[in-house]
Each structure stands twice: as C-alpha cells, then as structure tokens.
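Inside the fold
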Amino acid sequence: MRITVLCGGPSSERGISLISGKAVAAALAAAGHDVFVADISPTELSALDTPADVIFPVLHGDFGESGELQDILEERDLPFVGSGAKASRLGMDKIAAKQVWRDAGLPTPGWRVLREPPREPGALGLPVIVKAIRSGSSIDVCVCRDEAAVTKAAASLLERHGEVMMEEFVSGTEITVGLLENVALPPIRIETSHAFFDYSAKYTAGGATHSFDTHLSAGVIADCKSLAENASRLLGCRDLGRVDIIVAADGTPQLLEINTIPGFTAVSLLPEAAARAGVPFVELVDRLVHLAAGRAAVLATT
C-alpha cells in the first residue's frame, strides 16, 4: 500500500514526533509498503495531496493528536490510523476525559480547574499535581509539595495556558497499559529516579525503567487491563492507545490519562508492550495500516 506518515507538527512534542515518524516509516518500508514521510501543520497541508491508501499520523500534542488533524482527514475522506476527531479531542483534554470516566463510575483522582492561582492551594491535599489540561509527554506538569509551590506552579502555567488543572496526588505504583484494537497489552510498571515520570524520564535513555514484573497481584493486573479497555471504549478510541494508571497502596487502580497517539521511539511503551504480546514493531505498524484500510473498504461498500 501507499502510506503517508505524518510527523513533526507545531506542538511542543514535535521533536519526539519526528523520531516516532522516522521509526514508523522505516518499519512500514520493511513491511513492503511504499512510504511517503511528511511534516505537516495547520498552514501546510500539501502532504495530504499526495495519493495514499492510508494516512498514518504520528503527531503528538496539539493539532495532530487533539482532533484538528482528524477533522481534516475525515472531511477529505482519507483513511487514517488511530482514533477519530471526537475521541481524539476527548483524549487530549484531561478534564473532559476524566469527566467521562467519573460519570461512568470509573476511578480517577479528584481535580479542580484553575483559571487563576488557587485561593486554597491545599484544598486537594498535599502534595498535589498542577498541570496543563491539553498537553502530553508530561510537559508542563508539576508535583507540588507545599502551598507556595502550588501557587507558583499555577501562576506560571496559567500564563502559558489560560487554564490548568490541580489534581489529587495518589501515591502508589505507576502502571501503563498499551491497547491494540482496544485489547489491553501486558501492563508495564514505570519506575524513575525523577520526582515523577516526566519528559526527561520518558525520553532519555536510563531516565526510567520499564518492567513487566509489576509486583502486583494477578487480580490487580486484571483490574488495570479492564480499566484501560473501558476507559478507551468510553471515549470512542480505536486502533491503538496507552492508558496511564496509578495503583494506590490499597490495590485500587485509578485512571490518570489516555494517549491516543502514543510514542513510537526506541524507548516507547506501546511497541514494547506489543512485542511482549508477540507483535514485533514491523508487524504492529503493518497491522495498524491494515485496520485503517479495512475501515475504508467497509465504508466504500455501504
């Protein structure tokens, strides 16, 4: 098939997107596809004029992962890998996603939306998380251990984002669950020497360790996998994703966030989990483009 891989883009995650896109393109070529790689932005869409059987977006963050690109692809009837526009918008908006989960009875830490520095910085307890609502890769995320730190972080992030969220800090085991066709892959335990699993820990070699030995019971692991699948399904996601979960000391898993276009770098978690499940990288990306092509074929006959 002719595949256009879209990477780069305008967001703060551009650098990671370019690395992911290069890896995806190489794997698709190894699978025998004719691959065209292109950077793209809201003001530069010429790559979409190149004939392709499937578009493979590997753009993290704003525009590429937040629904705008998916709107354009849907309007042009271009088959593409990943979630549609509505699910992408929900997945990128941490508040919107958490509200859907909370309404459905799924566990997720409590939160407040801030449009100005909080009058009660310790209202959710301390420590607390202050973070951007629509950012990925742990960019603009602060773990605040006292009220002064909360006020400072909120003021700084509000200057850039206009509104931010303050979220309860849950101490426990950080687990990430990759999803392929909305089926949970083997969960991975994340451990880091950093204050939390931040941008540097995610993308710097040695910044974090990934382990399939989670030190959790089989029952808790089953709960994590079920929770991840339900979280994805409720948002209407498809094809692939990754759900971040914190397992509290009492063994209760709580949803943190979902990534509808997770990384495809050498240290990325979804490919690692897929490989553990017997789906190596080349097979993974090949399977994803066939999913998108299959959807297009079904739509063409209806």
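Now for a quick tour of the structure. These figures come from a predicted structure and were not determined experimentally.

The three strands lie next to each other as E2-E1-E3, forming an open sheet whose pairing is parallel. Either end of the sheet is taken by a strand with one partner, and the two such strands are strand E2 (34-39) and strand E3 (54-57). Geometrically, the sheet is characterised by an average inter-axis angle of 25 degrees between neighbouring strands, direction not taken into account. Here six bridges tie strand E1 (residues 2-7) to E2, and the two strands are oriented parallel to one another. Bridge pairing in E2 places Arg2 opposite Asp34. Strands E1, E2 and E3 of the sheet are contacted by helix H1 (residues 14-30), whose axis makes an angle of about 165 degrees with E1.

To continue, consider the packing of aromatic side chains. For the structure on display, the rule yields two aromatic pairs. Considering the side-chain rings of Phe56 and Phe264, the 6.0 Å spacing of their centres and the 85 degrees angle between planes classify their relative orientation as edge-to-face. Here Phe56 is found in strand E3, whereas its partner Phe264 is found in the loop between strand E13 (253-259) and helix H8 (269-276), with 208 residues between them in sequence. By the burial criterion, Phe56 is buried, and Phe264 matches it. Aromatic side chains Phe264 and Phe281 sit 6.0 Å apart centroid to centroid with 75 degrees between the ring planes, which places their arrangement in the edge-to-face category.

Further remarks concern the side chain of His60. Relative to the helices and strands, His60 resides in the loop between E3 and helix H2 (68-75). Judged by its relative accessible area of 3%, His60 is buried. Among the polar contacts made by the side chain of His60, one reaches the main-chain carbonyl oxygen of Ile261 at a distance of 2.9 Å. When neighbours within four sequence positions are excluded, His60 is seen to be in contact with Ser11, Glu13, Ile16, Ser17, Ser20, Glu65, Ile261, Pro262 and Gly263.

This part is about the pattern of salt bridges. The final tally for this structure, using the stated rule, is 16 salt bridges. Here Asp71 makes a salt bridge to Arg89, at a shortest N to O gap of 2.8 Å. Note that Asp71 is positioned in helix H2 and Arg89 in helix H3 (residues 85-92), a separation of 18 residues in sequence. Judged by relative accessible area, Arg89 falls into the partly exposed class, the value being 38%. In this structure, Lys98 engages Glu167 in a salt bridge whose closest nitrogen and oxygen atoms are separated by 2.7 Å.

When we look at burial in H8, the residues that qualify are Leu269, Leu270, Pro271, Ala273 and Ala274. At its buried positions, H8 is contacted by strand E8 (172-180), strand E10 (188-192), strand E11 (208-211), strand E12 (240-248) and helix H9 (281-300).

Of all hydrophobic cores here, the largest spans 26 residues; its most connected members are Val5, Val24, Leu28, Phe56, Val81, Phe264 and Leu288. Taken together, the elements giving at least two residues each to this core come down to E1, H1, E3, E10, H8 and H9. The residues contacting Val24, other than those within four sequence positions of it, are Val5, Phe56, Val58, Phe264, Phe281 and Val285.

The rules behind the values
- Residues numbered from 1 in each chain as written.
- Predicted model: local features only at pLDDT ≥ 70, side-chain atom pairs only at ≥ 80, totals over all residues.
- Heavy atoms only, no water.
- Pairing = 2+ DSSP bridges.
- Helix = DSSP H or I, 4+ residues; strand = E, 2+ residues; numbered from the N terminus.
- Axes fitted to C-alpha atoms, helices over the stretch in contact; angles between N-to-C directions.
- Contact = heavy atoms within 4.5 Å.
- Phe/Tyr/Trp six-rings, centres within 6.5 Å; stacked < 30°, edge-to-face > 60°.
- Buried < 20%, exposed > 50% of the residue type's maximum accessible area, 1.4 Å probe, protein only.
- Polar contact = N/O pair within 3.5 Å; in protein donor to acceptor, adjacent residues only side chain to side chain.
- Salt bridge = Lys/Arg side-chain N within 4 Å of Asp/Glu carboxyl O.
- Core = buried A, V, L, I, M, F, W, Y, C linked by side-chain atoms within 4.5 Å.

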